[in-house]
Amino acid sequence: MKFGVFTVSTPEFSLKDTIELLKRLGYDGVEWRVQSIPKGNSSKVPFELRYWGDNKSTIDIEKVEEIVPEVKKMCDAVGLEIFGLTTYLKPYQFDVIERVLRAAKNNDIRFVRVFPPEYPDKVSKKTQPQLWKETYDDIRKLEVMAKQYGVKIVFEIHHDNLMASPSAAYSLINGCDPDYIGLIFDPGNMVFEGFENYQRSFELLGPYVAHVHVKNAILIPEGRDSMNALKFKRDWASLKNGSADLAHLFEVLKTMGYDGTVSVEDFSNDVSTEEKLADNIKYIKQLASC
């Protein structure tokens, strides 16, 4: 396995500084966050939301074809592999997805992430069956595009969208060519929604597992409702302090013969980014060697 970091986890570092940090800490690669760069006063972004609202380790999607070659040169210079370009684009955003695919192809990058539609659909109020049919059809169109560029399009198992569980994700991509359509397996997201037994999940998904995110999360008691029933809130956790059984995950990865790429995501806020990423690489290497 090769170990990297998804740069959503390095919000205060520039692109160049992120590369230097990951190389110094002993990571094999990097998964770049690709998103629009927000304009405005970043000082107003709450500290715990800086990963998404003030992330300096982000490739501007408006300039993706200009920036990726520069980033690739910097990564190549230190021997850091680019695992993928991870966007927040929806399956129907074909024109922009194509630009990112072209940037990936021209720089020998293996995958591009596309984000499944959110559910519930708070904007258009579409039902799950309506969204499922639209997304199913869009994925088949994206498969054609992925084959054209020779770059795999991956979707992430993620709470609050159509692919919240391995089974839900499988229902949408089953029948596609796994060389061009795949999944990011994410046990941290499955703490919030969609947990399924890891072994069963990998047996079901098989070659569709293209990449793994390692992060953790927890449900925290938060008072009681009007009928005195206990309520819980979602929260991110450090890798060692969440509900996802990462030791078991790595057991399953080894059992299933997974020898691909793994990216750390860590949204905890107890220690500095450098300190937690230094601890994370030691921890996941220990898990992988057990």
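Not measured: the values here are computed from a predicted model.

Here we take up a nonpolar patch on the surface. Residues L219, L230 and F232 make up a contiguous nonpolar surface patch of roughly 280 Å² in combined accessible area. Position of L219 relative to the elements: it lies in strand β9 (residues 216-224).

One can find S171 in helix α6 (residues 166-173). In this structure S171 comes out as partly exposed when scored by relative accessible area, which is 31%. Residues S171 and W132 lie 39 residues apart in sequence; the distance between their C-alpha atoms is 9.2 Å. The residues contacting S171, other than those within four sequence positions of it, are W132 and Y136. There is a polar contact of 2.7 Å between the side chain of S171 and the backbone oxygen of A168.

Burial analysis of strand β7 (residues 181-185) places 5 of its 5 residues in the buried class, the great majority of the element. The two faces of β7 match: I181, L183 and F185 on one face and G182 and I184 on the other face are all buried. Two strands pair when backbone bridges link them, and strand β6 (residues 152-156) and β7 are joined in this way by 4 bridges, in the parallel orientation. Its bridge partner being in β7, I153 is matched across the sheet by I181.

Attention now goes to the pairing of strand β1 (residues 2-6). With 4 of its 5 residues buried, β1 lies for the most part within the structure. Where β1 and strand β11 (residues 261-264) come together, 4 bridges link them in parallel fashion. Paired with F3 across the strands is V262, a residue of β11. As defined by bridge partners, β1 adjoins strand β2 (residues 29-35) across 3 bridges and the pair is classed as parallel.

Now for the environment of Q93. As for its placement among the helices and strands, Q93 is situated in the loop between β4 (81-86) and α4 (94-106). Along the sequence, Q93 and V114 sit 21 residues apart, while their C-alpha atoms lie 9.3 Å from each other.

Here we come to unusual backbone geometry. Here the residue pair Y119 and P120 is connected by a cis peptide bond, since its omega of 5° sits within 30 degrees of zero. Looking at the element boundaries, P120 is found in the loop between β5 (111-113) and α5 (128-149). Phi at D108 takes a positive value of approximately 55°, unusual for a residue other than glycine. If you trace the backbone, D108 turns up in the loop between α4 and β5.

Reading guide: rules and limits
- Per chain, residues are indexed from 1 in the order of the written sequence.
- Given that the model is predicted, a residue must reach a pLDDT of at least 70 before its local features are reported, and side-chain atom pairs must reach 80 or more before they are shown or counted; all residues, however, enter totals for whole chains, interfaces and linings.
- With hydrogens and water excluded, all non-hydrogen atoms of the structure serve as input to the side-chain values.
- Patch construction takes residues with relative accessible area above 30% that form no salt bridge. Like charges are linked within 9 Å, and nonpolar side chains (Val, Leu, Ile, Met, Phe, Trp, Tyr) are linked within 5 Å.
- Under the convention used here, a 1.4 Å probe and the Shrake-Rupley method define accessible areas, while residue burial counts only the protein chains that appear.
- Salt bridges, as used here, are contacts in which a Lys or Arg side-chain nitrogen is within 4 Å of a carboxyl oxygen on Asp or Glu.
- Strands are runs of DSSP state E lasting at least two residues, helices are runs of H or I lasting at least four, and both sets are numbered from the N terminus onward.
- Throughout this description, buried means an accessible area under 20% of the type-specific maximum (1.4 Å probe, protein chains only), exposed means over 50%, and partly exposed covers the range between.
- By the convention used here, residues are in contact when the closest approach between their heavy atoms is within 4.5 Å.
- Any pair of nitrogen or oxygen atoms within 3.5 Å is treated as a polar contact; in protein, a donor-acceptor pairing is required on top of that, and neighbouring residues in sequence qualify only through side-chain atoms on both sides.
- Note: two strands are recorded as paired if DSSP finds a minimum of 2 bridges between them.

These figures capture arrangement, not role.
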